[in-house]
Amino acid sequence: KGLEHNEIDMHQSIAFKKEKIKIWQEKGNLPNRKVHFLAADFNTDYTTDLKQKILELKGGKRCFILLEGVLFFIDAQDTVVLFQLFNQLQNKGDYLGSVSFPKETENSKAFEKLSQFAEKRLDANEKFEYQIVEDDFYSKLPNYSLLKHEHTLSLAATYAPQTKPNVEDVLNEHMYILKKN
């Protein structure tokens, strides 16, 4: 309660997410809440427009920004620009969550399947190059402190210790929680 829920994604993903979130809320899988959907094309100069939209929605309140699945699809330069934008938007004490894949994940079957899945959805002339983000990107991020770092397998061991997943079949995403200094 009291949080603004903002979903930022590519135009083509927004309609799909709106539909799924509505269904999940109706089924009780997600709590009912108002979600603001903001379209951003990370292949264009989106920062000024996106910053203005977020500031209007944020209205001076504290915020938690969560990136899920975004960094895989954009390059290192765009990642730096995105995190600089968050640094401008957030105040001391605000939180930032990010999910990404380190180099060690690249060799798993699950990662290979994800890469193939993403590549199949591109236009014929596009080339897909995923991004790997190492731990030190987060630990060295200016104006933020890394509070927590977990990954899919460590969370499974904590919350589902009876489950013994095959490491090759798990898309071992790494999750980071940072706090603005």
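Everything below is about the structure shown above.
Remember, predicted model here, so these are calculated numbers, not experimental data. (Residues numbered from 1 in each chain as written. Predicted model: local features only at pLDDT ≥ 70, side-chain atom pairs only at ≥ 80, totals over all residues. Heavy atoms only, no water.)

(A) Structural view of the packing of aromatic side chains. Taken as a whole, this structure holds 11 aromatic pairs when the rule is applied. Taking 5.1 Å as the distance between ring centres and 80 degrees as the angle between the ring planes, the aromatic pair formed by Phe83 and Phe137 counts as edge-to-face. Here Phe83 is found in helix H3 (residues 76-89), whereas its partner Phe137 is found in helix H5 (residues 135-139), with 54 residues between them in sequence. Look at Phe83 and you get buried, because its relative accessible area is 4%. Given a relative accessible area of 22%, Phe137 falls into the partly exposed group. Each ring, one from Phe137 and one from Tyr138, has its centre 5.3 Å from the other, and the planes form 85 degrees; the classification is edge-to-face. Aromatic ring contacts, followed pair by pair, group Phe72, Phe73, Phe101, Phe111 and Tyr130 into a single cluster. (Phe/Tyr/Trp six-rings, centres within 6.5 Å; stacked < 30°, edge-to-face > 60°. Helix = DSSP H or I, 4+ residues; strand = E, 2+ residues; numbered from the N terminus. Buried < 20%, exposed > 50% of the residue type's maximum accessible area, 1.4 Å probe, protein only.)

(B) Representation of the packing of helix H2 (residues 47-58) against H3 within the structure. Between H2 and H3, the shortest axis-to-axis distance is 11 Å and the interhelical angle comes to 30 degrees. When you trace H2 past H3, the crossing you get is right-handed. Along the contact surface, H2 presents Thr47, Leu50, Lys51, Ile54, Leu55 and Lys58, while H3 presents Val81, Leu85, Gln88 and Leu89. Here the contact of H2 with H3 is composed, by residue class, of 6 nonpolar, 2 polar and 2 charged. (Axes fitted to C-alpha atoms, helices over the stretch in contact; angles between N-to-C directions. Left-handed = near helix turned anticlockwise from the far one by under 90°. Contact = heavy atoms within 4.5 Å. Nonpolar A, V, L, I, M, F, W, Y, C, P; charged D, E, K, R; others polar.)

Note that all results are geometric; they support no functional claim without further evidence.
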